[in-house]
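For reference, the chains in residue letters:
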Amino acid sequence: MNVRVRFAPSPTGYLHIGGARTALFNWLFARHTGGKFILRIEDTDLARNTQEAVEVILNGLRWLGLDWDEGPTTGNADDPSRGDAGPYFQSRRMERYRRRVEELRDKGLAYERDGTIRFRMTREPVTIADEVVGTVRRELTDREALDPDFVIVRSDGQPVFHLVNVVDDLEMGITHVIRGEDHLSNTAKHLELFRAFGAPPPRYAHIPLILNPDGSKMSKRDQGASLSGYLEQGYVPAAVVNYLCLLGWSPKDDRQLLPMGEVIERFDLPQILRANARFDMTKLQWLNFEYIKRLDPAAFRAHALPVLERAGIHAGRYPVEYIDAALATCREKIKVFADLPPFADFYFQDEFGYEPGAAGKEFIPVNRPRVARLREGLAGLEPFDAARVQELFKAVAGELGVKVGVLVHPARLACTGRAVGPSLYHLIEVLGRERVVARLDRALAQGFESNG
């Protein structure tokens, strides 16, 4: 069998993390089997859909690295065998749906009532063979027993989800429908539509839902629900993908960090877990931290610069060697790249204020001659590296009869404007003698003065 799967989101303005996980599982199954992954935008509700909402979906999938395999080509509205641009848009396939509705009417399986067109549903229970859930027997409810028929075209002429979903799956040759378990209740209707069209249905695999930590259903307002938040917070895409793999799928061992090549090799439908998954932000941030630590300098810089730029920090103007050295001191200090601007901004701007609480504690009269002595030592230090800087701090502290921390805290505040940050001796090395001496002079002239 040539596997063909699809991800069919509605452009509602955001991409839910559950939808992203569904796209990932479809993509993994296609790559595992050598099949095709198709992206189809369910945009028949023209009043609600916008191009901006579509871009949210496309950008999210691209960020995750989930490339789709085919789509309509210019001048050929929807030929699955020829397309290479994608994605498919249901709003451009209305004539196909109209023809299929007429087919059902000709067969006596669809009829008009109150301005809508309804499908004549079976009055018998429907058995669903599901690759994950198992065999499900869908009985009619008491209300359905009186009238199980359902609308396939609304009174405004717009086809509904059940119809377009089945028509597209049929005409695009979809072999497996991998989707959230919340769609299981729709499957009996879809199976009956396939039977009405005289076509074999795809295999269905309904995957467990993603719940909040307390077990409640995750809404778009809950923490972690929107994929856009991960882009804005500067998560590493591979870390998010790694985490999503572990939400509802088990590699049958306890490993957490999984290279994508290995996941593709091992992923299969029987390994999808039956129980709903609970979202764990702490675990995701731990995974992201592990991925951050493993980035090479160029990749770390590529992630960091856009985040810094959005924060108004123009780090890209500096030499690459300086940027990489500065960022290296932050590598094991941040969980997401959004943590970076307040941690590393001092490397890329010489004018900054001092934290008031720290200034009131460190820029006090008794510390002024100590900082001045430290400045004198740093101005003549050779070589100017972290090891020699540390030796100098110890020597000056011994000379003045104080603990090293007495020098460390005001020096850090003078060089960075903050009470906490990267390793002081290493950040001093990165800043270099000229910047460090200038910043100590500035603190002696302005910091102590304004705090006096």
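Definitions and limits used
- Residues numbered from 1 in each chain as written.
- Predicted model: local features only at pLDDT ≥ 70, side-chain atom pairs only at ≥ 80, totals over all residues.
- Heavy atoms only, no water.
- Axes fitted to C-alpha atoms, helices over the stretch in contact; angles between N-to-C directions.
- Helix = DSSP H or I, 4+ residues; strand = E, 2+ residues; numbered from the N terminus.
- Parallel < 35°, antiparallel > 145°, perpendicular 65-115°, else oblique.
- Contact = heavy atoms within 4.5 Å.
- Nonpolar A, V, L, I, M, F, W, Y, C, P; charged D, E, K, R; others polar.
- Core = buried A, V, L, I, M, F, W, Y, C linked by side-chain atoms within 4.5 Å.
- Buried < 20%, exposed > 50% of the residue type's maximum accessible area, 1.4 Å probe, protein only.
- Pairing = 2+ DSSP bridges.
- Disulfide = S-S within 2.5 Å.
- Polar contact = N/O pair within 3.5 Å; in protein donor to acceptor, adjacent residues only side chain to side chain.
- Right-handed = clockwise from strand over helix to strand, strands pointing away.
- Expected span 1.5 Å × (residues − 1).
- Arc of directions from axis to C-beta.

## Observations regarding the packing of helix α3 (residues 94–106) against helix α5 (residues 161–171)
Between α3 and α5, the least distance of the axes is 10 Å, while the angle of their chain directions is 100 degrees. By the angle between their axes, α3 is roughly perpendicular relative to α5. Contacts from Arg96, Tyr97, Arg100, Val101 and Leu104 of α3 reach α5 at Leu163, Val164, Val167, Asp168, Leu170 and Glu171. Taken together, the residues of the contact of α3 with α5 break down into seven nonpolar, no polar and four charged.

## A word on the nonpolar core
The biggest cluster of nonpolar side chains holds 113 residues, and the ones touching the most others in it are Tyr230, Phe279, Phe337, Tyr347, Phe348 and Phe393. Broken down by element, the residue count for this core peaks at eleven residues, all from helix α18 (residues 424–450). Once you skip the residues sitting within four places of it in the chain, Tyr230 turns out to touch Ile17, Trp63, Gly224, Tyr235, Val240, Phe279, Met281 and Leu284. Judged by nonpolar contacts, the second largest core, of 32 residues, contains Tyr97, Val133, Val153 and Leu191.

## Section: the pairing of strand β6 (residues 126–130)
The alternating pattern of β6 places Val126, Ile128 and Asp130 on a buried face and Thr127 and Ala129 on a face that is not buried. Counting the residues that bridge the hairpin from β6 to strand β7 (residues 134–138) gives three residues.

## Section: the state of the cysteines
Counted according to the given criterion, the structure contains zero disulfides. Cys330 provides the cysteine sulfur closest to Cys415, a residue in no disulfide bond, and the two sulfurs are 14 Å apart.

## Observations regarding the environment of Asp324
Considering the arrangement of structural elements, one finds Asp324 in helix α12 (residues 320–328). In this structure the C-alpha to C-alpha distance between Asp324 and Phe300, which are 24 residues apart in sequence, comes to 8.3 Å. Once residues within four sequence positions are removed from consideration, Asp324 is found in contact with Pro297 and Arg301. Side-chain polar atoms of Asp324 contact the side chain of Arg301, separated by 2.8 Å.

## Observations regarding the sheet that holds strand β2 (residues 36–41)
Pairing is parallel in the open sheet, where three strands are placed in the order β1-β2-β3. Each of the sheet's edge strands pairs with one partner strand only, and the pair in question is β1 (4–7) and β3 (88–89). Across four bridges, β1 lies against β2 in parallel orientation. Across the sheet, residue Arg4 finds its bridge partner in β2, namely Lys36.

## Regarding the pairing of strand β10 (residues 203–207)
Along β10, four of the five residues are buried, which leaves the element largely enclosed by surrounding structure. Sheet analysis places strand β9 (residues 176–180) next to β10, joined by five bridges and oriented parallel. Considered in β10, the bridge of Ile178 is made with Ala205. With helix α6 (residues 187–196) bridging β9 and the parallel β10, this β-α-β connection has right-handed handedness.

## Considering helix α16 (residues 386–400)
Here α16 contains 15 residues, and its C-alpha end-to-end distance of 21 Å stays within 8% of the 21 Å for a straight helix at 1.5 Å per residue. Burial in α16 covers these residues: Ala386, Val389, Leu392, Phe393, Val396 and Ala397. The arc that holds every buried residue of α16, seen down its axis, measures 130 degrees, which confines them to one face. Residues Lys394 and Gly398 are exposed on α16 and point more than 90 degrees away from its buried face. Positioned one or two residues after α16, Gly401 has a phi angle of 70 degrees, which is positive.

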